[in-house]
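Structural overview for review
Spelled out, the chains give:
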Amino acid sequence: MTPTARDEDNTQGNAPDGVPVTLGRADPAAALERALGLERYVRRDGDSASISLVVPGMHCAGCMAKVERALNGDEAVTRARANLSTKRVSVSWTSGRTTPEALIARLDAIGFDAAPFDPKLVGSDQHTREGELLRAMGVAGFAAANVMLLSVSVWAGLWSDDMAPATRQLFHWISALIAIPAVAYAGRPFFRSALGALRRRTMNMDVPISLAVVLALAASMIEAARGGEHVYFDASVSLLFFLLIGRYLDVRMRGRATEAAQNLLGLKAVAATVVRPDGSRAQVPVDALDPGMRVLVPAGMRVPADGVVRAGASSIDAGLITGEAVPEDVAEGCRVFAGTLNLSAPITVTVTKRDEDSLLAEIVRLMEAAEQGRADFVQLADKLVRFYAPAVHILAAGTFGGWMLAGATWHDALLKAVAVLIITCPCALGLAVPVVQVAATGRLMRRGVLVKTGDALERLSRADTVVFDKTGTLTAGDLTLVAGQDHDPADRALAAALAQNSRHPLSQAIVRAARDAGGRLPQADAVGEVPGCGLTGRVDGRTVRLGNAAWLGHGGEAGTARAEAAGPEMWLDRGDGGPPVRFAFLDHPRADAAETVAALKRLGMRVELLSGDRAPAVRAAAEAAGIDHWHGAKSPADKIAHLKALADQGRTVAMVGDGLNDAPALATAHVSVSPASAADVSQTAADVVFQGDRLGPVAGLFILARRSQRRIVENFGLALTYNAIAVPLAVAGFVTPLVAAIAMSSSSILVTANALRLRLKEAP
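Every value quoted in this text rests on a predicted model; they were computed, and no experiment measured them. (Residues numbered from 1 in each chain as written. Predicted model: local features only at pLDDT ≥ 70, side-chain atom pairs only at ≥ 80, totals over all residues. Heavy atoms only, no water.)

1. Quick notes on the overall build of the chain
Looking only at helices and strands, the chain has 28 helices and 29 strands in total. Residues counted as buried form 53% of the 764 residues belonging to the chain. Across the chain, every contact between residues at least 6 apart in sequence was considered, and the portion connecting residues at least 24 apart equals 69%. Element-wise, carbon and sulfur atoms account for 57% of the exposed surface of the chain, whose accessible area totals about 33000 Å². (Helix = DSSP H or I, 4+ residues; strand = E, 2+ residues; numbered from the N terminus. Buried < 20%, exposed > 50% of the residue type's maximum accessible area, 1.4 Å probe, protein only. Contact = heavy atoms within 4.5 Å. Areas by Shrake-Rupley, 256 points an atom, 1.4 Å probe, with all protein chains shown as cover.)

2. Here we look at the pattern of salt bridges
Following the criterion strictly, the structure yields 12 salt bridges and no others. Across the pair D573 and R545 runs a salt bridge, and its minimum N-O distance is 3.4 Å. Of this pair, D573 sits in strand β23 (residues 569-573) while R545 is found in strand β22 (residues 542-547), placing the two residues 28 residues apart along the sequence. Two residues, R694 and D592, come together in a salt bridge whose shortest N-O distance is 3.6 Å. Here the residue R694 occupies a position in the loop between β29 (688-690) and α27 (696-731), and D592 occupies one in the loop between β24 (581-589) and α22 (593-602), the gap between them amounting to 102 residues. In this structure, a network of salt bridges that share partners links the residues R711, E714 and R757. (Salt bridge = Lys/Arg side-chain N within 4 Å of Asp/Glu carboxyl O.)

3. Let's talk about the sheet that holds strand β12 (residues 314-317)
The 3 strands are arranged β13-β12-β15 in an open sheet whose pairing can be described as antiparallel. Two strands close off the open sheet at either side, each with one partner strand: β13 (328-330) and β15 (341-342). As paired elements, β12 and β13 share 3 bridges and run antiparallel to each other. Within the sheet, the bridge partner assigned to I316 lies in β13 and is E328. (Pairing = 2+ DSSP bridges.)

4. Here we look at the nonpolar core
Across soluble globular proteins, nonpolar side chains show a tendency to be buried alongside one another. The biggest cluster of nonpolar side chains holds 44 residues, and the ones touching the most others in it are L460, F468, I627 and F702. At 8 residues, α27 tops the list of elements feeding residues into this core. Residue contacts for L460: discarding those within four places in its chain leaves V671, V673, V688, L701, F702 and A705. (Core = buried A, V, L, I, M, F, W, Y, C linked by side-chain atoms within 4.5 Å.)

5. With respect to the pairing of strand β28 (residues 671-675)
With 5 of its 5 residues buried, β28 lies for the most part within the structure. Residues V671, V673 and P675 of β28 are buried on one face, and the alternating residues S672 and S674, pointing to the opposite face, are buried as well. Direction of pairing for strand β27 (residues 653-656) relative to β28: parallel, over a ladder of 3 bridges. Opposite V656, over in β28, you have V673 as the bridge partner. Bridge analysis of β28 against β29 gives 3 bridges, and the strand direction is parallel. Residue S674 lies in a different strand from β29, and its bridge partner there is V689.

6. Points about the packing of helix α7 (residues 206-225) against helix α13 (residues 410-423)
Across the interface, α7 lies against α13 with an axial gap of 9 Å and an inter-helix angle of 145 degrees. Relative to α13, α7 is oriented so that their crossing is left-handed. Contacts between α7 and α13 involve L211, A212, L215, A216, A219, I222 and E223 on the former and, on the latter, W410, H411, L415, V418, L421 and I422. (Axes fitted to C-alpha atoms, helices over the stretch in contact; angles between N-to-C directions. Left-handed = near helix turned anticlockwise from the far one by under 90°.)

7. A closer look at the packing of aromatic side chains
Taken as a whole and judged by the stated rule, the model has 0 aromatic pairs. For R188, the ring lying beneath its charged end belongs to Y185, and the centroid distance is 4.3 Å. Seen from the ring of W403, K416 lies directly overhead, with NZ or CZ sitting 4.8 Å from the centre. (Phe/Tyr/Trp six-rings, centres within 6.5 Å; stacked < 30°, edge-to-face > 60°. Lys NZ or Arg CZ within 6 Å of the ring centre and 35° of its normal.)

8. Let's talk about a nonpolar patch on the surface
A grouping of I222, M404 and W410 is seen on the molecular surface, where their side chains present a nonpolar patch of about 280 Å² in accessible area. Of note, W410 is situated in helix α13. Using a relative accessible area of 49% as the deciding quantity, one classes W410 as partly exposed. (Patch = residues over 30% accessible without salt bridge, like charges linked within 9 Å, V, L, I, M, F, W, Y side chains within 5 Å.)

9. Some points on the confidence of the model for the chain
For the chain, the mean per-residue pLDDT works out to 75, and 73% of the residues sit at or above 70. Per-element mean pLDDT across the chain ranges from 30 in strand β2 (residues 20-22) up to 94 in strand β18 (residues 465-468). Under a pLDDT of 50 for its full length, residues 1-36 has, in the predicted model, 66 contacts with residues more than four places off or in other chains. The low-confidence segment residues 556-564, where pLDDT is below 50, has 11 contacts with residues more than four positions distant or belonging to other chains. (pLDDT = per-residue confidence, 0-100.)

10. Some words on unusual backbone geometry
Positive phi values are uncommon outside glycine, yet A526 reaches one of about 50 degrees. Structurally, A526 is set in strand β20 (residues 525-530). In this structure A526 comes out as exposed when scored by relative accessible area, which is 65%.

This is the structure:
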């Protein structure tokens, strides 16, 4: 029975195990939500209700603030928080006092469309937006190239005096036939944004851009109709082409946080096998599970919900929690979490949390919360819009009015005003950051480093603290048997005889060590694996066991060794009454870990190690790499708390990690880096991914990032200097729209050439 099929007149029901379950209240608000099809998106907790909405029209911090103000204006709303990167808004309210429909209507009233968040639709929407911008960019580029060819012919004066006027006008009309449909199509992203801002009685950077393009097009049409010498069709389409490049990079950057959450949610099981009180079984969707239900989790399947093992024993891939490669043994009474993988044997789990309250859902919420509040240097141009856009319009209108008062014709005054709008266009300002990103990221890509977010280099340049994860990041993640242990070769061969029947990472490490040592392995018969414990079999008539100390009955004897262990371990009971044999394992640091840490310290950076592994193992890895500050046994929430504590101390943190449990920490840090061997969700959450077995690219990133920062500052200086010189000339009437278009393009070329200087430096 699904949640929406329950009797809403009841406030409590019984789960299959007889555990009371709180059901939805039968209030008018809930009935209306169901009627609108929104009930399945609403989460309820007592008298509180909440929903996640998607607001695709949020493009800047100003939009985000307006959305939050509108929602918080409803007295029933207790909290409204917008996330600019994911375009999501989380809203909580007092149940019965408002509805999702009313909240969506409030957003519609201020010009923002909204809909309930559906993870299945997020990726397709992102690809649709990127595809639209790419198509618009292609159209604008093609049109600009063709109109430029026609314009060059006119500018060069290749025609005779008798033919020049007629031929020039013909070329102008051909240019118009190319430019008008191209501008109408390629300018849609800017025109829609500008119209939306004007409807809300606000301004943004797309307003002067749209106005300049439309006026240049209109002035060009008037000039072509009256047989004038100068038209500006090339300026219109070229301007759109350059600006679409920057807009595409911005959309790609903002889409990464959504992809990270989407990949993480992909770890969820889609269905669960519910065990009814009478022993029968039924397949139900995961979102229909309630606390108290019992579910069967076969070997090889993911746990569908957070819960407690009720029957059975197995090994669980709990990398989501610990970040470690070694599976965790679970038995009756142990907690398991949604998304973790059952490796060895079937288990029955009693559900303790609903799907939306699971650890997986919590990690997604942590990632999204961490994405908020980032102050990105790449958005500096957007922050200037509060005074930039009004200033441009006032300046253009003042130019028009001033020249009319000075006795100029309306046509001449309009052309001078258009020249001001074009010459003050923020094209160079908008390109100041993207061109540096393209030059730097292209150089890094050739060296096996992928920069995935547009502002990663800017944030890397500000970092003063680097926090490493251990397994798979600082270390290679390849477990090996510790060399030099006092093992009889016969004992190692005996353990390998059992271990070769298991795919457990520790078993495989023993087998590799035995084979490297040479010699034949004894024959093991009747080998069986006890889930969560180890292996048992018969060798030469003796019962031999290989597994954890508690299962072998040597917990007390192994306790001291366990406490001092710097890595995981297994124990061998030879079946002859003698003491058990301990096999210890290590995860070796990357070959250049110590060299990389030393290079980071020379850059003046603080280096820390933060891991979910046990303290002895973390200490050993830190000492091997030369790291003075380390912390072990940290959960995902602990890692986030530690990173926030560093931020509270005034530190700017770069996180380097690879495990699923590192994904929230990667999102929380000011900037994040992940190796290519990382889990997919960590790679997606990270700002930078590096390939290969060496850590050297991490140190090189910070060097190149600081150089990139200098180029960006220089580009902003060039763009502002250009405006300081060109704008007064345009207002004074010394610049025609044609010259303004050339000057605008020249400023873009100048900042691009400055950015390309990055390629002239030696690689860090």
